[in-house]
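Each chain, letter by letter, is given below.
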Amino acid sequence: MKFYRTGEFKDNVLDGMVDINPKEQAPQFVLNRLNYLIGFIYDRSPDDIDAFTKNLEKRYQKLTNTDYIKEKNIDLSDLVIGFEKLADYASLVNAAMNYYFQVLDFPDESAWDEDIVVVNRNYHQAFLHPRYYNLLTLIETVGREKAISLWKRFFTEFVIYDRIPRETPFIDLETMFAERMAAIDEDNPSDWVMIRGMIAEGKYAYRNDNCFWVESLDDLPDSEIKYYVCCYGDYEGARDYHESIVLTMEHTIAQGDPYCSRVMHDTRIDYDLRHPPKTFWDNIWPIRKINEK
């Protein structure tokens, strides 16, 4: 088996600057997921929907220092069109969006509907903090066990609902791996450091040695919530490639491991879903870099 290290460790990546249009990103970062979550809880746990939405609104209000919507005279009406479940929760939407603006922390003179530059950490937190606080509030409303059970079903169903059909047909994992390796720009290595290779026919293994999603949540304490926010959607997300793909994952940076260990299995070829043991992941080093022959 041949493994390749791609990407390069870089200092202070989250302190860099990225481009964003707050208005264009708001549906993806905040509104679409909140709309689906409210509808999901209404259907699956209707007795809890009022308490959950009230508690979530109070949380966002407590977290936010000022009313950015009022100060900047922001009109959200065109953004929430189409999000049916949000129609009855205007004050919650305002609270969630106010927190979104606060986290992005863009300059006072910037318009919220134009392209701006923000700190990369703030960019990550703008879509990850709402997920964290949505789950934390659900836990505090219905209890951890019930909340986690609901969240796993919600997240899985949301990934299916939000899935974008592939533009090109999926062939197999070997082809996907080869295409990914061919697309790597050796002169501009990714900030994400990965070790990857085919460990058997129809089995693509990869180890993430860093994670900016988790790093951007260093200010938040609950590692279990971080796992369900950052990692859990990857199980259903693997099926974006093909319905036959099953992901196994037993170590995650979110839960305190030094890496994330993942294997994508093509069940058309082999349905042995056993995940390699920790000794396997610990010892796939040193590894050939992508530009080594």
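Predicted model only: the values in this text are computed from it and were never measured. In this numbering scheme, every chain counts its residues from 1 along its sequence in written order. The predicted origin of the model limits local features to residues at a pLDDT of at least 70 and limits the giving and counting of side-chain atom pairs to 80 or more, whereas totals for whole chains, interfaces and linings rest on all residues. Excluded from the side-chain calculation are hydrogens and water; included are all heavy atoms of the structure.

(A) Spotlight on the overall build of the chain. Runs of H or I in DSSP of at least four residues are treated as helices and runs of E of at least two as strands, each being numbered from the N terminus. Of the regular secondary structure elements, the chain holds 12 helices and eight strands. The quantity called the radius of gyration is restricted to C-alpha atoms. Its globule counterpart is 2.2 Å times the number of residues to the power 0.38. In summary, the chain has a C-alpha radius of gyration of 21 Å against a globular reference of 19 Å for 293 residues, a match within 12%. Each principal axis of the C-alpha distribution contributes one length, and for the chain these read about 60 × 45 × 35 Å. Buried positions account for 51% of the 293 residues belonging to the chain. Only the protein chains shown count as cover for residues, and all accessible areas are computed by the Shrake-Rupley method using a 1.4 Å probe. Total accessible area computed for the chain in this model is approximately 15100 Å², and 46% of it derives from carbon and sulfur atoms. The averaged location of the 52 negative side-chain charges in the chain is 5 Å from the averaged location of its 34 positive side-chain charges. Buried means the residue's accessible area, taken with a 1.4 Å probe over protein chains only, is under 20% of the maximum for its type, while exposed means over 50%, and partly exposed covers the values in between. Under this rule, positive means Lys or Arg and negative means Asp or Glu; His and the chain ends count for nothing. Working definition for charges: the position is that of NZ of Lys, CZ of Arg, CG of Asp or CD of Glu.

(B) Structural detail: the packing of helix α1 (residues 22-44) against helix α2 (residues 49-63). The axes used here are C-alpha line fits, helices contributing only the stretch in contact, and every angle between their N-to-C directions lies in the interval 0 to 180 degrees. Between α1 and α2, whose axes approach to 9 Å, the crossing angle comes to 150°. Here α2 runs roughly antiparallel to α1, going by the angle between their axes. Across from L34, L37, I38, I41 and Y42 in α1, the residues of α2 making contact are I49, F52, T53 and L56. In this classification, Asp, Glu, Lys and Arg are treated as charged, Ala, Val, Leu, Ile, Met, Phe, Trp, Tyr, Cys and Pro as nonpolar, and every other residue, Gly included, as polar. Its residues placed into classes, the contact of α1 with α2 shows eight nonpolar, one polar and no charged. By definition in this entry, angles of less than 35 degrees are roughly parallel, angles greater than 145 are roughly antiparallel, angles of 65 to 115 are roughly perpendicular, and the rest are oblique. In this analysis, two residues are considered to be in contact whenever any of their non-hydrogen atoms come within 4.5 Å of each other.

(C) Focus on the side chain of N32. Mapped onto the secondary structure, N32 falls in helix α1. Sequence-distant contacts of N32, defined by excluding residues within four places in its chain, comprise P27, F83, F158, Y161 and D162.

(D) Spotlight on the packing of helix α6 (residues 120-142) against helix α7 (residues 144-161). For the pair α6 and α7, the least separation of the axes is 7 Å and the interaxial angle reads 140°. With respect to α7, the axis of α6 lies oblique. Judged by the twist between their axes, the crossing of α6 over α7 is right-handed. Seen from α6, the contacting residues are R131, N134, L135, L138, I139 and V142; seen from α7, they are R144, K146, A147, I148, L150, W151 and F155. For the contact of α6 with α7, a count of residues per class yields nine nonpolar, one polar and three charged. Each crossing gets its handedness from the near helix: less than a right angle anticlockwise from the far helix is left-handed, clockwise is right-handed.

(E) Examining α6 more closely. Take the number of residues in a helix, subtract one, and multiply by 1.5 Å to get its expected span. For α6, with 23 residues, the first-to-last C-alpha span of 34 Å sits near the 33 Å given by 1.5 Å per residue. Most of α6 sits inside the fold, with 19 of its 23 residues counted as buried.

(F) Quick look at the pattern of salt bridges. Salt-bridge detection follows one rule: a side-chain nitrogen of Lys or Arg within 4 Å of a carboxyl oxygen of Asp or Glu. With the rule as written, the count across this model stands at 16 salt bridges. Two residues, K23 and D78, come together in a salt bridge whose shortest N-O distance is 3.0 Å. Remark: D78 occurs in helix α4 (residues 77-80) and K23 occurs in helix α1; sequence separation between them is 55 residues. K23 gets classed as partly exposed once you look at its relative accessible area, which sits at 23%. Residue D234 pairs with R262 through a salt bridge whose shortest N-O separation is 2.4 Å. Of this pair, D234 sits in helix α11 (residues 233-237) while R262 sits in strand β7 (residues 260-266), and the two are 28 residues apart along the sequence. In this structure R262 comes out as buried when scored by relative accessible area, which is 9%. Each of R163, E236, R239 and D240 takes part in a single network of salt bridges with overlapping partners.

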